[in-house]
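Fold and geometry: a report
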Amino acid sequence: MLLRTRPKPEIRLKSSGEIDAMARAGLAVGTTLQRLKAAAAVGVNLLDLEALALESLAEFQAKPSLLGYHPAFSQVPYAWATCLSVNDEVIHGTPRKKLLRDGDILGIDLTANIDGWHADSAITVPIGQVSPRAAKLLKVTEESMWLGIEKARNGNTLGDIGAAIQRHVERGGFSVLKNMCGHGIGQQVHEPGLDVANFGRPGAGQKLQIGMTFCVEPMVAAGRGDMKHRKDDVWAVLTKDGSLGAHFEHTVAVTEDGPRILTQVV
Ligand code: MF3
Ligand code: CO
Ligand code: CO
């Protein structure tokens, strides 16, 4: 047996008051995503969507969590509020001078906090008229997120979530990205101890408990699930085969009454 080089990270369970605090940030995130979805259209510049996100968050007195955020997995801090990922960019595309075109799909990922409590959510939206295959990719990816969220219950495991997502995605003829996962969230954007893979076996992995808060976020390729980076871009994660990629995400709490979605606007 190998010695652990690091102690098993402690998972920070949240009280119902803390979950309410996260839901306040979640309302700002969810509402802002809806506004961005409404604004995303043929001819719109990605930089205008970033500006709209900042304006909308300010209205809620919410702070953009990713602006200046330095994740452990990167060499450099992130410099924007949103991640905007077009077509074969699955996640972490950056706002840049680029006009959306008819038939594109656009991933919009937004993380914000109020009083230091974070919420994180993403959608992928069609721009103009998209191909039937693109439309199916968006539908199946979103459905897989809902099936995963449904498993976020006391006594279930992370494997139950991953298995539900993977099964639906693969039945749809698509692939999950195996190297990327959801994450614990709270007073940090990425909290250790809760890696929510988009694949797995039912009953396997970390047991879920009341008070856990994490992001369920399927990242799906229309083709194969291998990823790559561009030479000149440390951020965008692209499909290796150039196929379309989609991403949906909600921040979820495990509560006595089942999964509570903190980033949903109702
Ligand atoms: N919102 C992303 C997530 O779902 C994180 C943003 S990428 C970062 O985990 F580099 F800015 F962290
Ligand atoms: Co996110
Ligand atoms: Co996330």
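Residues numbered from 1 in each chain as written. Chains lettered and ligands numbered in written order. Predicted model: local features only at pLDDT ≥ 70, side-chain atom pairs only at ≥ 80, totals over all residues. Heavy atoms only, no water.

As a further point, take helix H3 (residues 132-150). Taking 1.5 Å as the rise per residue, H3 with 19 residues should run 27 Å; its terminal C-alpha atoms sit 27 Å apart, in good agreement. Buried within H3 we find Ala134, Leu137, Leu138, Val140, Thr141, Ser144, Met145, Gly148 and Ile149. (Helix = DSSP H or I, 4+ residues; strand = E, 2+ residues; numbered from the N terminus. Expected span 1.5 Å × (residues − 1). Buried < 20%, exposed > 50% of the residue type's maximum accessible area, 1.4 Å probe, protein only.)

Of the protein atoms, only Asp120 (OD), His183 (NE2), Glu217 (OE) and Glu249 (OE) coordinate the cobalt ion (ligand 3), at distances of 1.9 to 2.3 Å. Every donor counted, the 6 donor atoms about the cobalt ion (ligand 3) form angles of 50 to 170° at the centre, which fits irregular coordination. Along the chain, the residues donating to the cobalt ion (ligand 3) fall in the pattern D-x62-H-x33-E-x31-E. Here the cobalt ion (ligand 2) and the cobalt ion (ligand 3) are spaced 3.2 Å from one another, each receiving a donor from Asp120. Of the two residues, Asp120 is situated in strand S5 (residues 117-126) and His183 in strand S7 (residues 181-184); the sequence distance between them amounts to 63 residues. Both residues of the pair, Asp120 and His183, count as buried. (Donors = N, O, S within 2.8 Å, 3.2 Å for Na, K, Ca; no water. Tetrahedral: all angles 85-135°; square planar, octahedral: opposite > 155°, others 65-115°.)

Those donors, Asp109 (OD), Asp109 (OD), Asp120 (OD) and Glu249 (OE), are the protein atoms that reach the cobalt ion (ligand 2), and they lie 2.0 to 2.5 Å from it. Here the cobalt ion (ligand 2) is ringed by 6 donor atoms whose angles at the metal span 56 to 171°, and the overall shape comes out irregular. A relative accessible area of 9% places Asp109 in the buried class.

Turning to the packing of H3 against helix H4 (residues 158-171), a few remarks are in order. The geometry of H3 relative to H4 is characterised by a closest axis approach of 8 Å and an angle of 155° between their N-to-C directions. One finds that H3 runs roughly antiparallel with respect to H4. For the pair H3 and H4, the crossing hand works out as right-handed. Side by side, H3 and H4 meet where Val140, Glu143, Ser144, Leu147 and Gly148 of the first sit next to Ile161, Ala164, Ile165, His168 and Val169 of the second. Along the lines of polarity and charge, the residues of the contact of H3 with H4 split into 6 nonpolar, 3 polar and 1 charged. (Axes fitted to C-alpha atoms, helices over the stretch in contact; angles between N-to-C directions. Parallel < 35°, antiparallel > 145°, perpendicular 65-115°, else oblique. Left-handed = near helix turned anticlockwise from the far one by under 90°. Contact = heavy atoms within 4.5 Å. Nonpolar A, V, L, I, M, F, W, Y, C, P; charged D, E, K, R; others polar.)

Per the counting criterion, the structure on display carries 2 aromatic pairs. Measuring from centroid to centroid gives 5.1 Å for Tyr78 and Trp80, while their planes differ by 70°, and the two rings are edge-to-face. Classification of Trp80 as partly exposed rests on a relative accessible area of 24%. Summarising the aromatic geometry, the rings of Tyr78 and Trp235 are spaced 4.8 Å apart at their centres and angled 90° between planes, so their arrangement reads as edge-to-face. In this pair, Tyr78 sits in the loop between strand S1 (63-64) and strand S2 (82-86) while Trp235 sits in strand S12 (residues 233-239), placing the two residues 157 residues apart along the sequence. Trp235 carries the same exposure label as Tyr78, and that label is buried. Taken together, the ring pairs in this structure connect Tyr78, Trp80 and Trp235 into an aromatic cluster. The lysine or arginine in question, Lys178, covers the ring of Phe199, its NZ or CZ lying 5.5 Å from the ring centre. (Phe/Tyr/Trp six-rings, centres within 6.5 Å; stacked < 30°, edge-to-face > 60°. Lys NZ or Arg CZ within 6 Å of the ring centre and 35° of its normal.)

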